[in-house]
Amino acid sequence: MEILYQSTRDPLAKKVTASQAILQGLSPDGGLYVPTQIPIIETPLIELAKLSYQELAFKILKPYLNDFSTQELQTCLAAAYGNNFDNPAIAPLTEHAGAFYLELFHGPTIAFKDLALQLLPQLMITAAHKNQLEKEIVILTATSGDTGKAAMAGFADVPGTKIIVFYPKKGVSPVQEKQMLTQTGNNTFVLGIDGNFDQAQTNVKKIFNDQSFKQQLDLNGYQFSSANSINIGRLLPQIVYYFYAYSQLLTAGKIKAGDKINFSVPTGNFGDILAGYYAKQMGLPIKKLICASNKNHVLTDFFNSGTYDRKRPFYVTSSPSMDILVSSNLERLLYYLSDKNSETTRHLMEQLQEDGRYRITAAMQAKLADFAAGFADEQQTATEIKRIFKIDATAVDPHTAVASNVAQPWLTTAPTVIIATASPYKFPQVVWSALTDSAASKGTQKTLAQLKNLIKVPYPPAIEMLLTTTSRAKQTLAPEKMKSAIENILFDD
Ligand SMILES: *Cc1c(COP(=O)(O)O)cnc(C)c1O
């Protein structure tokens, strides 16, 4: 049976092809697209372990992207996963202090978002071609720090596209901000907002669903799409590296085919860990998917109590890409927990919108057994960075440290892979302070140099580039002004 895509919220909404779902980003009823079924991988794990990253990606993604031809998908994959990564393995697995770390920071923006966002633009232009789309695609993106840069890097100068990024001006690290402000490409726009990520994301979703604005865009020859993980084309590529981690453990003789393993995932918008959930449904032997949060532990509380409650203080932490109180991909999980019941899913999302909270039924809660959840506060995060460095001189970034700390009680239950989502050089101030118990010096460049001296890892190309490129002027605005900012970019020539 061919896989199509349907909304999480409306069972009667028209089902669309993979390429249409990718182009649209969000379903017109406000729901998220999900595949009509999750394919089972029939190839034995031991055979999968012989494949390169690109070959494995083809194997995993082809059933989902069935309106892309073999040739088209292979071309997209070759463009996405090549010399733009500074490690030929693309996502190498390393071992430190009794756990495995899947390094997803070898791409052009040194965070895991590259694994999906180097491929998404390729898929999107192929999809535009396939659907004879004549309009220009405008990618609207809210970022907690890493998606913005990775999406701009992926879409820069891609013909037929523009990308507009909104980030919380006080909620990203200095390197994250500089990375965005040094992005080249005449089709890239980046704006800071006086607010947090949730406000940026909520407004982006609102703008997406604004019907009169949609018409105005249409008249001007534009169509919106999304590079956030609400876009299924962003989520699917992330399934690949769960299988790839397993392959590497098999090849290294650390496990036998069929052994169950744990993954600990530093979680914000619930996209990365949801890809792990898909991998499990596809047949990957996963024991626990450990959902790791920082001081904004709305997800830990949800997993432990069955109640999601976003009405709580919001903290800016040392792991900013996880400073999120409304995790948009949880909607897809709710859909599965309710046995694909769109009514239930829509109802819960409406409650979240109206009351700021919802509670799932006992039957849904029972299905959360695939997951475990925990959080690390600021002190625990810093201590974890220091602990790993002491044991084997490896520095991890604060997001990875959160996942590593939360994983500790699970290490004895099965081989455990921690998803290492960013390079320590992306957060030099935090890593330096954690390793030396002292405040970082003023100036990112100096801190980077000190950190390099201490951890003895060469700068990745992204950092070299950052140090030699001048920033564009920083623009900021109130969250209510996001729509008019978009109008200025698109309509005022
Ligand atoms: C985006 C991000 C996360 C969170 O991933 P989600 O898919 O939003 O849950 C964790 N760590 C880093 C470094 C990130 O950039």
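Counting from 1, residues in each chain are numbered in the order their sequence is written. Whole-chain, interface and lining totals are the exception, using all residues; otherwise, since this is a predicted model, local features are given only for residues with pLDDT of at least 70 and side-chain atom pairs are given and counted only at 80 or more. Calculation of side-chain values draws on the structure's entire complement of heavy atoms; hydrogens and water are dropped beforehand.

- Looking up the chain in an unreviewed UniProt entry gives the name Threonine synthase, with the organism given as Liquorilactobacillus nagelii.
- UniProt positions are given in the numbering used here, feature names are shortened, and annotations may be inferred rather than shown by experiment. One UniProt comment on the chain, placed under Sequence similarities (unreviewed entry), says "Belongs to the threonine synthase family."

### Examining the site of the ligand
- Each residue is tested against the molecule or strand, and it is near if at least one of its non-hydrogen atoms lies within 4 Å. Every one of the 14 residues lining the ligand counts as a neighbour, but K113, D146, G268, N269 and D272 are closest to it.
- Between the ligand and T421 there is a distance of 2.9 Å, counted from a nitrogen atom to a side-chain nitrogen or oxygen.
- The Shrake-Rupley method, run with a 1.4 Å probe sphere, supplies the accessible areas, and residue values consider only the shown protein chains as cover. Protein coverage of the free-state accessible area of the ligand, which is 380 Å², stands at 98%.
- Three residue categories are used. Nonpolar comprises Ala, Val, Leu, Ile, Met, Phe, Trp, Tyr, Cys and Pro, charged comprises Asp, Glu, Lys and Arg, and polar comprises the others, including Gly. Looking at the shell around the ligand, its residues break down into four nonpolar, seven polar and three charged. Within 3.5 Å is the distance limit for a polar contact, defined as a pair of N or O atoms, with the added protein rule that one can donate a hydrogen and the other accept it, and that residues adjacent in sequence qualify only through two side-chain atoms.

### Brief notes about the packing of aromatic side chains
- The rule is short: rings of Phe, Tyr and Trp, with Trp giving its six-membered ring, pair when the centres are within 6.5 Å, and they are stacked under 30 degrees, edge-to-face over 60, tilted in between. Applying the stated criterion across every chain, the model contains 21 aromatic pairs.
- Taking 6.0 Å as the distance between ring centres and 40° as the angle between the ring planes, the aromatic pair formed by F270 and F371 counts as tilted. With F270 in the loop between β9 (261–266) and α13 (271–281) and F371 in strand β13 (residues 371–375), the pair connects residues that are 101 residues apart, well separated along the chain. The exposure classification of F270 matches that of F371, with both residues buried.
- Residues F303 and F371 carry aromatic rings whose centres are separated by 5.1 Å and whose planes lie at 35° to one another, so their mutual orientation is tilted. You can see F303 sitting in helix α14 (residues 298–305) and its partner F371 sitting in strand β13, a full 68 residues away along the chain. F371 matches F303 in its accessibility class, with the two residues each being buried.
- Three or more aromatic residues link up through ring pairs in this structure, and these residues are F270, Y277, Y278, F302, F303, Y308, Y335, Y336, Y358 and F371.
- Note on geometry: a ring has a charge over it if NZ (lysine) or CZ (arginine) is within 6 Å of the ring centre and within 35 degrees of the ring normal. Sitting over the ring of F68, K130 keeps its end group 5.4 Å from the ring centre.
- A cation sits over an aromatic face here: K452 above Y459, 4.6 Å from the ring centre. A run of H or I in DSSP becomes a helix once it reaches four residues, and a run of E becomes a strand once it reaches two; helices and strands are each numbered from the N terminus. Relative accessible area decides the class of each residue, using a 1.4 Å probe on protein chains only: under 20% of the type maximum gives buried, over 50% gives exposed, and in between gives partly exposed.

### Describing helix α18 (residues 378–392)
- End to end, α18 covers 22 Å across 15 residues, agreeing with the expected 21 Å (1.5 Å per residue, within 8%).
- Taken residue by residue, α18 has T381, E384, I385, I388 and F389 as its buried positions. Buried positions in α18, seen along its axis, are confined to an arc of 125° and lie on one side of it. Those residues of α18 that are exposed and angled more than 90 degrees off the buried face are Q379 and K390.
- We call two residues in contact whenever any of their non-hydrogen atoms come within 4.5 Å of each other. The elements touched by buried residues of α18 are β3 (93–96), β4 (99–103), α19 (398–407), α20 (428–436) and α21 (444–455).
- By the N-cap criterion, in which a side-chain oxygen at the helix start approaches the backbone nitrogen of a residue two or three places on, α18 is capped by D377, the distance to Q379 being 3.1 Å.
- In the stretch just after α18, A393 is the one whose phi turns positive, near 55°. Expected span of a helix, by definition, is 1.5 Å for each gap between consecutive residues, and there is one gap fewer than residues. Of all possible arcs, the one meant is that of the directions from the helix axis to the C-beta atoms.

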